[in-house]
Amino acid sequence: MREQYHTAELCEQDLAAAPMDQFARWFGDATESREIHEPNAMVVSTATPEGRPSSRTVLLKHYDARGFVFFTNYTSRKGHELAANPYASLLFPWHPIARQVVVTGTATRVGRDETAAYFRTRPHGSRLGAWASDQSSVIASRAELLAAYEELAARYPEGEQVPVPPHWGGYLVVPDAVEFWQGHENRLHDRLRYVRDGERGWRVERLAP
C-alpha cells in the first residue's frame, strides 16, 4: 500500500512570518477541499510524567495568535495527564491533499468565561452528553450511559438552559514548534518547522524527510 504524491514544492520564502498565519492558509485549503471530512479533526497526544503516551482524535474549536483550543472533560485520561504533564502534541492528518501539520507545545486551561461561551454554542444533546459521560472511566454497559443521558434530558428538556459542568472545559495549546509537511514523489517530502526563538519570534528549519 503505497502512493506517490504529486504536489508543488513548499519553499521557505513562501511561508508566512508566523506559524499561526501559515496554519490559517493551510486550514483554509483543507476546509475548501471536498476530500477532507472534518478538517478540524486532530490527533491529540499526551503523556504521563513517566513518559507513557496516549492519543485520541479531538476537534479543534478555535485558533488564533495564542495557539489552538479544544474542549474536553478535565477528568478524562488526557485531562489527568495534562494536569501532571502539560506538554502535548497535535497532528492534523490531511492525507487527501498530501499535507500534515504537527504542533508541539504546552497546554493550559482556558478561562471559565471562554468555556461557557463555547458551551452555549453546542447542540443541546452535546451539552447533556458532557454531563452524562464520565469520560475515560469504566462503565458496566451502554445502557448505563443512556440511562444517565435520559435522566438529564428529563431534567433539562430541549430549550432549557444546561449549566456548564465544572469538570468540563477548554485547553489552549501554545506552540513552541509547528511543522508543515508536504508530500512529494519518492518520499522526498518538504518538512518546514517553525521553532520559537525567544524574544526574536520564530526561526524556520528544514528537516530531512
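Bear in mind that the values here come from a model prediction, so they are computed numbers and not experimental data.

Side note on the overall build of the protein chain
Inference 1: What the protein chain contains, in helices and strands, is five helices and nine strands.
Inference 2: With the C-alpha coordinates aligned to their principal axes, the bounding extent of the protein chain is approximately 55 × 40 × 35 Å.
Inference 3: Going through the 209 residues of the protein chain one by one, you find that 43% of them count as buried.
Inference 4: When contacts within the protein chain are restricted to residue pairs at least 6 apart in sequence, long-range pairs at least 24 apart make up 63% of them.
Inference 5: Accessible surface for the protein chain amounts to roughly 11800 Å². Of this, 51% is attributable to carbon and sulfur atoms.
Inference 6: Of the charged side chains in the protein chain, 24 are positive and 27 negative, and the gap between their average positions amounts to 3 Å.

Focus: helix H3 (residues 112-119)
Inference 1: Within H3, burial applies to Thr115, Ala116, Tyr118 and Phe119. Angularly, the buried residues of H3 cover 165 degrees about the axis, an arc narrow enough to put them on a single face.
Inference 2: Among the structural elements, strand S4 (68-73), helix H4 (124-132) and strand S7 (168-182) are those in contact with the buried residues of H3.

A short note on the pattern of salt bridges
Inference 1: In the structure shown here, the tally under the stated rule is 11 salt bridges.
Inference 2: For the salt bridge of Glu151 with Arg155, the shortest nitrogen-to-oxygen distance reads 3.3 Å. In this pair, Glu151 and Arg155 are both assigned in helix H5 (residues 142-155), four residues apart and thus about one turn of the helix distant.
Inference 3: Two residues, Asp190 and Arg206, come together in a salt bridge whose shortest N-O distance is 2.7 Å. With a gap of 16 residues between them, Asp190 in strand S8 (residues 190-196) and Arg206 in strand S9 (residues 202-206) connect regions that are remote in the sequence.
Inference 4: Residue Asp190 is classed as buried on the basis of its relative accessible area of 8%.
Inference 5: Looking at Arg206, the relative accessible area reads 40%, which means it is partly exposed.
Inference 6: Shared partners join several salt bridges into a network, and the residues in it are Arg193, Asp197, Arg203 and Glu205.

The rules behind each value
- Residues numbered from 1 in each chain as written.
- Predicted model: local features only at pLDDT ≥ 70, side-chain atom pairs only at ≥ 80, totals over all residues.
- Heavy atoms only, no water.
- Helix = DSSP H or I, 4+ residues; strand = E, 2+ residues; numbered from the N terminus.
- Buried < 20%, exposed > 50% of the residue type's maximum accessible area, 1.4 Å probe, protein only.
- Contact = heavy atoms within 4.5 Å.
- Areas by Shrake-Rupley, 256 points an atom, 1.4 Å probe, with all protein chains shown as cover.
- Lys, Arg positive; Asp, Glu negative; His and termini not counted.
- Charge placed at Lys NZ, Arg CZ, Asp CG, Glu CD.
- Arc of directions from axis to C-beta.
- Salt bridge = Lys/Arg side-chain N within 4 Å of Asp/Glu carboxyl O.

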